[in-house]
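Listed here are the chains, written in short residue letters.
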Amino acid sequence: MNLQDLSIFKNQCLINGQWSSHSELIDVRNPADGKILTQVPYMDGIETRLAINAANHALSSWKSLTAYKRAEILMKWHDLVVARANDLATIMTLEQGKPLNEAKGEVLYAASYIKWFAEEARRAYGEIIPSEDNTKKIHVTKEPIGVCAAITPWNFPAAMITRKVAPALAAGCTIVVKPAMETPLTAFALLGLAQDAGVPDGVINVLTGDAKKIGAEMTSNPIVRKLSFTGSTSVGAKLMADCAPSIKKLSLELGGNAPFIVFDDANLELAASELIKSKFRNAGQTCVCANRIYIQKGVYKQFSEVFLEKVKQLKVGNGLEAGTNIGPLIDQKAVRKVRQHIEDALCKGASILIGGEPHSNSDNWFPPTVLLNANQTMQCANEETFGPLAPLICFDTIDAAIQMANSTEFGLAAYMFSENHRTIEKVSSRLEVGMVGVNTGIISTAVAPFGGVKSSGIGREGARAGLDEYLEIKYVCYGMG
Ligand code: ADP
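Note that the structure is a prediction, hence the values are computed from the model and not measured.

Our next topic: the site of the ligand. Around the ligand, the structure places 13 residues, and the nearest of them are A211, G215, G231, S232 and V235. Among the elements of the structure, α7 (211–220) and α8 (233–243) are those that each provide at least two residues to the shell around the ligand. For the shell around the ligand, the element with the highest residue contribution is α7, accounting for 3 residues. Considering only residue class, the shell around the ligand consists of 6 nonpolar, 4 polar and 3 charged.

As structure tokens, this is what we get:
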């Protein structure tokens, strides 16, 4: 596979409508075999400032367009992304590793955010509030917040970008994007299509390089009025602190530690199938992945047998090969974390039902691994593994499941399986999370508000709420006397 053959392939940064290189470059590697795919610019604070200035320069004309015109351009971008989905997916699999069909699914999912926000652009309604007396009229409008910055992770190289860029543009904001160093090529190709769709120069800028220096400029520059970040809680907390002096608006989508609870009365076949999707999608590298699997005592053995049969069907391999269900992990650090969680669990009394050792074909490949007799004291129950490890923990009562599920600083997603509406109502209302999947392991969609509570973040992406994140409320009081 030669990247140069893909016409949308780009390995330069986009600043003020110009594709720009740099004296310093950094390798982008294929996690499936460690080979260098290409090199991309290693920019720092100076280029970040140029990009922010370009976004600032482009702001007034972009926000002056009607929402209808902005929506039209966004829809063109959507159509181009859908038309080039195969090429985008190939680029994504090469740099990120996920199976090609999953990559294509992500591209279409990413496109769905563009379409959703193109539609929502036209519905940034204000309101007229009845006044307390006849001498005043009270009008409330919503205005674009201004220049925005976005920092995105490598696990969803396209969707994490469109979730931020599409609502920003729909609202009338301009933006500077810093994708993860592991996956810049999807970002360049995706945002290059936005240029092709007619997004004016400077409205979207994208640069790669020194994360700390780029982040420092984004957080300290007073022109930037909003930062949207998806990544680890530790980096999110630092960015939040750095944004404090200039009081920037923030959206933070941070770590998770999702419980997946199977009650005695659950449909076990359904629960096991949904757990396969929730746990092993993207090789377990999603922030909403089931991390701790709680199974009620009465069905623990039976469920583990049903689940095991499904895990046996999963094929680990290069994402470009047909039939691959689980691609490589992103790097060796990720593999080490999975191994460490397994070793810790074995020391504390767990046993391996399947998997456990790295695949011999490539350094970053790791097979789906299931642990029996896991418990709350283990690292895998307290930290996000971000890999294909499924620890099965036994519980007794509904209250015990709720207590265990909530005993974490994180609160992004949770899943529960039961056929009893009272159990569903009680548990879903008491789970301290932003999102609950009831009898389903897949909850992400552009039309619903995605986000977490506690250390999992602030704000929501997608849905109507996702547009509000890029709008400020202005109240105008008209004296009528
Ligand atoms: P992950 O473990 O998923 O890589 P990170 O939080 O480290 O999570 O990375 C998410 C994004 O944040 C990436 O684009 C990364 O380059 C960026 N990043 C990491 N450290 C910093 C920092 N100090 N300032 C700004 N961005 C950062």
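Another aspect to go through is the sheet that holds strand β15 (residues 369–374). Sheets are built from strands that pair by backbone hydrogen bonding, the pairs being arranged parallel or antiparallel. On the basis of which strands lie adjacent, the open sheet formed by 7 strands has the order β14-β15-β16-β13-β12-β18-β19 and mixed pairing. Pairing within the sheet leaves two strands with one partner each, and these edge strands are β14 (351–354) and β19 (435–438). Between one strand and the next, the sheet's axes are offset by a mean angle of 25°, whatever the strand orientation. Inspection of the sheet shows strand β12 (residues 258–262) paired to strand β13 (residues 290–296) by 5 bridges, in the parallel sense. Opposite F260, over in β13, you have I293 as the bridge partner. Relative to β14, helix α10 (residues 300–312) is tilted by about 50°, and along the sheet it contacts β12, β13, β14, β15 and β16 (389–395).

To continue, consider helix α5 (residues 159–171). With 13 residues, α5 should cover 18 Å at 1.5 Å per step; its first-to-last C-alpha distance of 18 Å lies within 8% of that length. The buried fraction of α5 is high, at 13 of 13 residues. Among the residues trailing α5, G172 stands out with phi positive, at a value near 105°.

This part covers the UniProt feature "active site" (unreviewed entry) in the protein chain. In the numbering used here, UniProt assigns the "active site" (unreviewed entry) feature to E253. One can find E253 in strand β11 (residues 249–253). For E253, the residues in contact, after removing those within four places along its chain, are T230, G451, G457 and E461.

One non-glycine residue, A283, adopts positive backbone phi at about 55°. On the secondary structure map, A283 appears in the loop between α9 (268–280) and β13. For A283, a count of 32 C-beta atoms within 10 Å translates into the label buried. In this structure, N439 takes a positive phi of about 55° despite not being glycine. One can find N439 in the loop between β19 and β20 (453–454). Of the residues examined, N439 has 15 C-beta atoms within 10 Å and is grouped as partly exposed.

Reading the values: the criteria
Residues numbered from 1 in each chain as written. Predicted model: local features only at pLDDT ≥ 70, side-chain atom pairs only at ≥ 80, totals over all residues. Near = placed C-beta within 6 Å. Helix = DSSP H or I, 4+ residues; strand = E, 2+ residues; numbered from the N terminus. Nonpolar A, V, L, I, M, F, W, Y, C, P; charged D, E, K, R; others polar. Pairing = 2+ DSSP bridges. Axes fitted to C-alpha atoms, helices over the stretch in contact; angles between N-to-C directions. Contact = placed C-beta atoms within 7 Å. Expected span 1.5 Å × (residues − 1). Buried ≥ 20, exposed ≤ 12 C-beta atoms within 10 Å, placed from the backbone. UniProt positions renumbered as here; feature names shortened; annotations may be inferred.

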